[in-house]
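Here is what each chain is made of, one letter per residue.
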Amino acid sequence: MEALDRALIEKFEVQDSELRALWQQHLDYEKMIVKLEGKPFLSPVVEQEIKELKKKKLAGKTKLQALLDKYRHQEA
């Protein structure tokens, strides 16, 4: 996430619960992915779990970007 995006999130997350929830979800997925990837051995099940988490994270990021685009246009 770029610094400008993070600034927008910090500015609008107080008033936008969807934005706040998507951002928190993004951070949670990132933590889970880092934790799983840090294991010394990745079983096929764990590799599949990482793939699923990355897909969910990307889907959430797409929604998050759409909300951020809305706020960027408001500020322009």
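A few points on the structure. Note that the coordinates shown come from a computational prediction; the quantities given were computed from them, not determined experimentally.

1. Some words on the overall build of the protein chain
1) Next: When helices and strands are tallied, the protein chain shows three helices and zero strands.
2) Next: Along the chain direction, N to C, the helices and strands of the protein chain fall in the order α-α-α.
3) Next: Taking 76 residues into account, the globule formula puts the C-alpha radius of gyration at 11 Å, and the protein chain, at 15 Å, lies well above it.
4) Next: Long-range contacts, defined here as pairs at least 24 residues apart, represent 63% of the contacts in the protein chain between residues at least 6 apart.
5) Next: Accessible area of the protein chain: about 5500 Å², with a carbon and sulfur share of 57%.

2. Side note on the environment of E75
1) Next: If you trace the backbone, E75 turns up in helix α3 (residues 44-75).
2) Next: For the pair E75 and L8, spaced 67 residues apart in the sequence, the C-alpha separation amounts to 10.0 Å.
3) Next: In this structure, E75 is in contact with L8, K11 and F12, ignoring residues within four places of it in sequence.

3. Section: helix α1 (residues 3-12)
1) Next: Residues of α1 that are buried: D5, L8, I9 and F12. Each buried residue of α1 lies within a common arc of 100 degrees when the element is viewed along its axis, so the set occupies one face. Of the exposed residues in α1, those oriented more than 90 degrees away from the buried face are A3, E10 and K11.
2) Next: Buried residues along α1 sit in contact with α2 (17-37) and α3.

4. Some thoughts on the pattern of salt bridges
1) Next: One pass over the structure, following the stated rule, counts six salt bridges.
2) Next: Across the pair D5 and R72 runs a salt bridge, and its minimum N-O distance is 2.2 Å. Here R72 lies in helix α3 and D5 lies in helix α1, a separation of 67 residues in the sequence.
3) Next: Here E30 ties to K57 by a salt bridge, and the two come within 2.1 Å at their closest N and O atoms. Remark: K57 occurs in helix α3 and E30 occurs in helix α2; sequence separation between them is 27 residues.
4) Next: Linked by salt bridges that have partners in common, D5, D69 and R72 make up one network.

What counts as what
- Residues numbered from 1 in each chain as written.
- Predicted model: local features only at pLDDT ≥ 70, side-chain atom pairs only at ≥ 80, totals over all residues.
- Heavy atoms only, no water.
- Helix = DSSP H or I, 4+ residues; strand = E, 2+ residues; numbered from the N terminus.
- Rg over C-alpha atoms; globule rule 2.2 N^0.38 Å.
- Contact = heavy atoms within 4.5 Å.
- Areas by Shrake-Rupley, 256 points an atom, 1.4 Å probe, with all protein chains shown as cover.
- Buried < 20%, exposed > 50% of the residue type's maximum accessible area, 1.4 Å probe, protein only.
- Arc of directions from axis to C-beta.
- Salt bridge = Lys/Arg side-chain N within 4 Å of Asp/Glu carboxyl O.

All quantities given are derived from atomic positions and should not be read as evidence of function.
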